There are 2 protein chains.
Amino acid sequence: MIAVDWGGSNLRAYRLDDHGRVLGQRRGEVGALACDGQHAQTLAGVIGDWDDPLVLLCGMVGARGGWIEVPYVPCPAGIATLAAGMVELGTHAGDALRGRRLWCVPGMADHRGAAADVMRGEETQVAGLLAQLGPGRHDVCLPGTHSKWVRVEDGAITGISTALTGELYGLLRRHSILARSMPATEPPLDPAAFDAGLAAARAGGGLLHDLFGVRTAALFARFEAEALPSYLSGLLVGHELQPALAGAADGPAHLVGSDALLERYARALSAHGRTVQRHREDLAALGLYRLARARFG
Amino acid sequence: MIAVDWGGSNLRAYRLDDHGRVLGQRRGEVGALACDGQHAQTLAGVIGDWDDPLVLLCGMVGARGGWIEVPYVPCPAGIATLAAGMVELGTHAGDALRGRRLWCVPGMADHRGAAADVMRGEETQVAGLLAQLGPGRHDVCLPGTHSKWVRVEDGAITGISTALTGELYGLLRRHSILARSMPATEPPLDPAAFDAGLAAARAGGGLLHDLFGVRTAALFARFEAEALPSYLSGLLVGHELQPALAGAADGPAHLVGSDALLERYARALSAHGRTVQRHREDLAALGLYRLARARFG
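Values in this document were obtained by computation on a predicted structure and should not be read as measured data. Within every chain, residues take consecutive numbers counted from 1 along the sequence as written. Chain A is the first chain written and ligand 1 is the first ligand written, with later ones labelled in order. Reporting in this predicted model follows two pLDDT cut-offs: at least 70 for local features of residues, and 80 or more for side-chain atom pairs to be given and counted; totals over whole chains, interfaces and linings ignore these cut-offs and use all residues. To obtain the side-chain values, all non-hydrogen atoms of the structure were included, while hydrogens and water were left out.

1. Thoughts on the relation of the copies chain A and chain B
Two copies of a chain can be linked by a rotation about an axis combined with a shift along that same axis. Quick note on the threshold: To superpose the copies, least squares is applied to the C-alpha atoms of every residue with a pLDDT of at least 70 in both.
Superposition record for chain A on chain B: RMSD 0.0 Å, screw rotation 180 degrees, translation along axis 0.0 Å. Such a combination of turn and shift is consistent with a two-fold rotation axis.

Right under this line is the structure:
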């Protein structure tokens, strides 16, 4: 089968054998919301010469404005419920992919709070983890532009909490008064400044107040300009972590993402006295395999 | 005398009589940091035909990058200390203002926390309030791009806490994923959506998480698009208020600012069970008068 994780900024395709092992891997640079109706042609351009008939997709490709809008499956949901919520692309598949069976995985929604929460793509990454996590309660953190905290209980996804951490970092880094004191290109992580940001986030002044501390840190030369982005990053990650950990399970926090991001989150979680377990970023391939097995045997 | 409140975006000049009453009022549209060395000419263009010899200035005109950098006076400071920290512009005054005595009020800094806090201009507005506040402890809130919470104890300014509320609202409103769901022009306040934002801020999920709730509110049509900016505003003001009120004094919160902003803050403070007292936005004129009397009799 072919597993496709098609997000807002790129596409990752995996060719899998009958045991879910990755035989080949490719990448496309067209985001699922920027395809202008050319999803079939775009996908065919990446996987056209892989002749496997079954293609499973997850991610923003199933969002409004993507290829096909697949309704959100509400929490709680495990592999079976997610597999049952998959939608066949049918006539959407077009000529370029004739003869294929294309299915798209639903996103998930959490309606427990006054404000709903959602994810698309991350449910499939977590689906790839479920067997490994086993019974009991677990917290999975997938940091990024929109960081997702996913609660797993006894093999089912039971809660979603999103934090705008990465997006806000980018906005403040580029467009705010804080940007004026910072170098334009991203310097390497300054661990001491990052830790100082984490500590400031715990002082109880609130994020809106703490952000102004980046300005005064520049004003009074508390840090070099090169260290200010790390201080800002520590502040934001610290403010993401505090409410996320307030009701978290015992045991390690499960981290899924790029090495550079996980390095920061592992450091922050460790400062909060939490152990972490890191997982491969390409978990979506395994998740899609598990969903295919659950639906089609 | 002439009192000039020269901030980052405009200049307000007041001609005062010997009792501090406002005889005339003018406005210039050139910010103190955007004058390109032409401060004297710019000011002369506004007040040139008022022949009072004494001119007192406050605000960003005294910041690095302004007309003259006046060192911050640390907390605590009352009228006498602020007046003693004023700096004469001397030869900076230039030809256009020959024969005038120009003095600039210092900003204030609060070094109590790990991250310092500062203000320039607001100390003078609060100086105009001090006599009226009387003994005991009071909290003054000056909402804006950078909201200032100023603590007053027995006639002295003893603490400063800044929140990036207004700036973050603008960034999110224009540049974030949340902007896509909102009308481009600013709709009138939707009180119900604003209150829902205030309530969400108290739920303990943290600001970074709550912001994503604006996205899902659009996704699930919880509010009309016209109401989303009010929901975002309620979230941000709510998150500003919580830490600010955590250690606040009893008695009314003193609000200084524009009617539209004070309306929102009064509403939010009332939702937190606090009474408010509103004050005129042009308090800086009175503050400059009091500082002139303290320094020059």
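2. Quick word on the interface of chain A and chain B
Quick reminder of the rule: Between two residues, a contact is recorded if the distance between any of their heavy atoms is within 4.5 Å. Joining two parts hides part of their accessible area as seen by a 1.4 Å probe, and the buried area is that hidden amount summed over both. We call two N or O atoms a polar contact when they sit within 3.5 Å, provided that within protein one can donate a hydrogen and the other can accept it, with sequence-adjacent residues counted only if both atoms are side-chain atoms. Numbering goes from the N terminus for both helices and strands, where a helix is a DSSP run of H or I of at least four residues and a strand is a run of E of at least two. Lys, Arg, Asp and Glu make up the charged group, whereas Ala, Val, Leu, Ile, Met, Phe, Trp, Tyr, Cys and Pro make up the nonpolar group; the residues left over, Gly among them, are polar.
Each side of the interface is counted separately: chain A has 42 residues, and chain B has 42 residues. In total, about 3,400 Å² of surface goes out of reach between chain A and chain B, with carbon and sulfur atoms giving 73% of it. By the criterion of area lost to chain B, the three top residues of chain A are A:Leu164, A:Leu208 and A:Phe212, representing 21% of everything that side buries. Inspection of the region where chain A meets chain B yields twelve residue pairs in polar contact (both at pLDDT 80 or more). Going through the elements one at a time, β9 (117-119), β12 (156-163), α5 (165-175), α7 (207-219) and α8 (228-246) of chain A are the ones with two or more residues in the side of chain A that touches chain B. At eight residues, the largest contribution of residues to the side of chain A that touches chain B is made by α7(A). Tallied by class, residues from the side of chain A that touches chain B come to 22 nonpolar, 14 polar and six charged.

3. Section: the pattern of salt bridges
Defined as follows: Just to be clear on terms, a salt bridge is a Lys or Arg side-chain nitrogen sitting within 4 Å of an Asp or Glu carboxyl oxygen. Relative accessibility decides the category of a residue: with a 1.4 Å probe and only protein chains considered, values under 20% of the type maximum give buried, values over 50% give exposed, and everything between is partly exposed.
Under the defined criterion, the tally for this structure stands at 22 salt bridges over all chains. With a shortest N-O distance of 2.9 Å, A:Asp282 and A:Arg280 are connected by a salt bridge. With a closest N to O distance of 2.8 Å, B:Asp52 and B:Arg15 form a salt bridge. On the criterion of sequence distance, the pair formed by B:Asp52 in the loop between α1 (39-47) and β4 (54-58) and B:Arg15 in strand β2 (residues 11-16) is long-range, its members being 37 residues apart. For B:Asp52, a relative accessible area of 11% gives the class buried. Judged by its relative accessible area of 23%, B:Arg15 is partly exposed. Residues joined by salt bridges that share partners form a network here, namely A:Arg15, A:Asp51 and A:Asp52.

4. Quick look at the state of the cysteines
All names here are of chain B. Our working rule: We call a pair of cysteine sulfur atoms a disulfide whenever their separation is within 2.5 Å.
As enumerated under the stated definition, the model contains zero disulfides over all chains in all. Here Cys75 stays unpaired: no disulfide links it, and the sulfur of Cys141, its closest cysteine neighbor, is 16 Å away. Cys58 provides the cysteine sulfur closest to Cys104, a residue in no disulfide bond, and the two sulfurs are 7.8 Å apart. Among the residues examined, Cys104 registers a relative accessible area of 1% and is labelled buried.

5. Examining the pairing of strand β14 (residues 276-279) of chain B
Residues and elements named next belong to chain B. To keep it simple, the criterion reads: Pairs of strands are assigned from DSSP output, requiring at least two bridges between the strands. The handedness rule is simple: strands pointing away from the viewer, and a clockwise path from the first strand over the helix to the second, make the crossover right-handed.
Two strands pair when backbone bridges link them, and strand β13 (residues 253-256) and β14 are joined in this way by four bridges, in the parallel orientation. Each bridged residue has a counterpart across the sheet, and for Leu255 the counterpart in β14 is Arg278. Traced from β13 through helix α9 (residues 259-271) to β14, the parallel crossover comes out right-handed.

6. Description of the domain arrangement of chain A
Residues and elements named next belong to chain A. Basically, it comes down to this: These domain limits were set by an automatic method or by a database of domain assignments.
Partitioning chain A into structural domains gives domain 1 (2-134 + 282-296) and domain 2 (165-279). Relative to domain 2, the C-alpha centre of domain 1 lies at a distance of 31 Å. At the interface, five residues of domain 1 touch four residues of domain 2. Where domain 1 meets domain 2, there are zero salt bridges.

7. Quick notes on helix α10 (residues 283-296) of chain B
Residues and elements named next belong to chain B. Here is the rule we go by: Residue count minus one, scaled by 1.5 Å, sets the expected span of a helix.
Taking 1.5 Å per residue as the helical rise, α10 with its 14 residues ought to reach 20 Å, and the 20 Å between its terminal C-alpha atoms agrees with that figure. Taken residue by residue, α10 has Leu283, Ala284, Ala285, Gly287, Leu288, Tyr289, Leu291 and Ala292 as its buried positions. Gly297 lies just past α10 and shows a positive phi near 80 degrees.

8. Let's talk about the environment of B:Asp210
Residue and element names in this part refer to chain B. When you line up the elements, Asp210 lands in helix α7 (residues 207-219). The exposure class assigned to Asp210 is buried, which follows from its relative accessible area of 8%. Between the C-alpha atom of Asp210 and that of His239, which follows or precedes it by 29 residues, the distance is 9.7 Å. Residues within four places of Asp210 in sequence aside, it is in contact with Ala200, Ala201, Gly205, Leu235 and His239.

9. A few points about the sheet that holds strand β12 (residues 156-163) of chain B
Heads up, the rule is: Axis lines are fitted through C-alpha atoms, for helices just across the contact stretch, and the angle between N-to-C directions can take any value from 0 to 180 degrees.
With mixed pairing, the five strands of this open sheet are ordered in space as β12-β11-β10-β13-β14 (chain B). If you trace the sheet from one side to the other, it starts and ends with β12 and β14 of chain B, each paired once. On average, adjacent strands in this sheet sit at an angle of 25 degrees to one another, irrespective of strand direction. Most of the contacts of α7(A) go to β12(B), to which it runs at about 100 degrees, and overall it touches β11 (147-153) and β12 of chain B.

10. Description of α1(B)
Residue and element names in this part refer to chain B. The condition that has to hold: Throughout, the arc means the angular range of directions from the helix axis out to the C-beta atoms.
Within the span of α1, buried status applies to His39, Ala40, Leu43, Ala44, Val46 and Ile47. Angular distribution of buried residues about the axis of α1 spans 160 degrees; they occupy a single face of the element. Those residues of α1 hidden inside the fold are in contact with β1 (2-6), β2, β3 (22-28), β4 and β7 (101-104).

11. Comments concerning the nonpolar core
Operational definition: We call a set of buried residues a nonpolar core when its members are Ala, Val, Leu, Ile, Met, Phe, Trp, Tyr or Cys and they connect through side-chain atoms within 4.5 Å of each other.
Judged by nonpolar contacts, the single largest core of 56 residues is most densely connected at A:Leu168, A:Leu172, B:Leu168, B:Leu172 and B:Leu211. Contributions of two or more residues to this core are made by α5, α6 (191-201), α7 and α8 of chain A together with α5 (165-175), α6 (191-201), α7 and α8 (228-246) of chain B. Setting aside chain neighbours within four positions, we find B:Leu168 in contact with A:Leu168, A:Leu172, A:Leu208, A:Leu211, B:Leu207 and B:Leu236. Judged by nonpolar contacts, the second largest core, of 37 residues, contains A:Leu56, A:Leu142, A:Ile157 and A:Ala292.

12. Structural notes on the sheet that holds strand β8 (residues 108-110) of chain A
Residue and element names in this part refer to chain A. Spatially, β5-β8-β9 is the arrangement adopted by the three strands of the open sheet, whose pairing is mixed. In the strand order of this sheet, the two ends are held by β5 (73-74) and β9, each with one partner. As paired elements, β5 and β8 share two bridges and run parallel to each other. Each residue of the ladder has a partner; that of Val73, found in β8, is Met108.

13. A closer look at the packing of aromatic side chains
Residues and elements named next belong to chain B. How we decide: Aromatic pairs are defined between Phe, Tyr and Trp rings, using the six-membered ring for Trp, whenever the two ring centres lie within 6.5 Å; interplanar angles under 30 degrees are classed as stacked, those over 60 as edge-to-face, and all others as tilted.
If you walk through the whole model with that rule in mind, you get eight aromatic pairs over all chains. Taking 6.2 Å as the distance between ring centres and 75 degrees as the angle between the ring planes, the aromatic pair formed by Trp6 and Trp67 counts as edge-to-face. On the criterion of sequence distance, the pair formed by Trp6 in strand β1 and Trp67 in the loop between β4 and β5 (73-74) is long-range, its members being 61 residues apart. A relative accessible area of 11% places Trp67 in the buried class. For the pair Phe223 and Tyr231, a centre-to-centre distance of 5.1 Å together with 40 degrees between the ring planes defines the contact as tilted.

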